[in-house]
Amino acid sequence: MQPTLLILAAGMASRYGSMKQIQGFGPSGETIMDYSIYDAIRAGFTKVVFIIRKDFADDFKKIFEPKLKGRVAIDYVYQDLHSFTGDYSVPAERTKPWGTAHAVLCAKDTIKEPFAVINADDFYGRDAFEKAYTFLTGPVSEKLYCIIGYELAKTLSDNGTVSRGVCQVDASDNLVSIAERTKIYQDGNTITYEEGDKKYEVPFDSKVSMNFWGFDPSMFGYTEKLFAGFLKEQGTNPKAEFFIPIIGDKFIKEGKGNIKVIPTGAQWFGVTYKEDAPEVQASLNALIDAGEYPKSLWK
């Protein structure tokens, strides 16, 4: 059974200020997602599932369906505030989605095979998809998941803070713990994250999750149980989010299995802020000039 690529594209893009998931950055108008899908197809993935919002589904489909038709199977999942909330009454002041782990949970009825999860607005590089495919067609199981681990220093933005899942890894490359740090930035010769009114230093070579995960489909049932607990504990907090790293951390600490951290030396880039766009375009052009990608991906 071939693995599926699940792309998280339902974000509200509040910091970026526009629907960055469908903005063109490549020389022929390619989005960052196009490059991820291109890399996934040549690695061996045969199906792509997009998690999107219903209110821009028509525009989204008009952009992607013509160029992907006949190249890869496509499906769609919509993240809705009320999905998988059961009898829980969603507070009226809650307007934003519940977070990335909830977005993945929304694909429960669509994905029945091993799958990778990525962000729509992150460029991961060919090496990451090849390693994910090898894992998902090999050792993945209900007791073994994976993360593609990036070096923290290669994942920062010059234009503001970023959120990263900072990993602790043992000698066997298994994840020990993962903590979501929501305000990370380079401060002179150090990398710092803020929590409350305090600052903490993080080593440059720390492995971080860029939300490139490899899962067995059994994770959906586990995630659904954890989401029910999240709603009871934090559902009334309008800013609380149910992140994928929460699932990973619980999976390990509750002894459900291991998560292999698969390292890549690839240079990540993405568009957290509008000011990141020129650097993304320059990085893509450099890869095209080096022969890694054609000038037009789909022709």
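Residues numbered from 1 in each chain as written. Predicted model: local features only at pLDDT ≥ 70, side-chain atom pairs only at ≥ 80, totals over all residues. Heavy atoms only, no water.

This part takes up the overall build of the chain. Scanning the chain for helices and strands turns up seven helices and 13 strands. Relative to the globule expectation of 19 Å for 299 residues, the C-alpha radius of gyration of the chain, 18 Å, shows essentially globular dimensions. Judged by the C-alpha coordinates and their principal axes, the chain covers about 50 × 45 × 40 Å. Each of the 299 residues in the chain was classed as buried or not, and the buried ones make up 53%. Taking all contacts inside the chain whose residues are at least 6 apart in sequence as the whole, residues at least 24 apart take part in 75%. Of the accessible surface of the chain, which amounts to about 13500 Å², a share of 47% is contributed by carbon and sulfur atoms. Computed over 35 positive and 40 negative side-chain charges, the inter-centroid distance for the chain is 3 Å. (Helix = DSSP H or I, 4+ residues; strand = E, 2+ residues; numbered from the N terminus. Rg over C-alpha atoms; globule rule 2.2 N^0.38 Å. Buried < 20%, exposed > 50% of the residue type's maximum accessible area, 1.4 Å probe, protein only. Contact = heavy atoms within 4.5 Å. Areas by Shrake-Rupley, 256 points an atom, 1.4 Å probe, with all protein chains shown as cover. Lys, Arg positive; Asp, Glu negative; His and termini not counted. Charge placed at Lys NZ, Arg CZ, Asp CG, Glu CD.)

Attention now moves to the environment of P278. With respect to the element layout, P278 can be found in helix 7 (residues 277-289). When the C-alpha atoms of P278 and F25 are compared, they prove to be 8.7 Å apart, with 253 residues separating the residues in sequence.

Below, the discussion takes up the packing of aromatic side chains. Per the stated rule, a full pass over the model turns up 29 aromatic pairs. For the ring pair F56 and F60, a centre distance of 5.9 Å and an interplane angle of 65° mean the geometry is edge-to-face. Of the residues examined, F56 reaches a relative accessible area of 7% and is grouped as buried. The buried category is assigned to F60, whose relative accessible area is 0%. Ring geometry for Y222 against F251: centres 6.2 Å apart, planes inclined by 70°, an arrangement best described as edge-to-face. One end of the pair, Y222, is in helix 5 (residues 219-234); the other, F251, is in helix 6 (residues 244-253), and 29 residues separate them in sequence. F251 matches Y222 in its accessibility class, with the two residues each being buried. Over the face of the ring belonging to F64 we find K67, whose NZ or CZ atom lies 4.8 Å from the ring centre. Residue placement shows R164 over the ring face of W268; its charged tip is 4.7 Å from the ring centre. (Phe/Tyr/Trp six-rings, centres within 6.5 Å; stacked < 30°, edge-to-face > 60°. Lys NZ or Arg CZ within 6 Å of the ring centre and 35° of its normal.)

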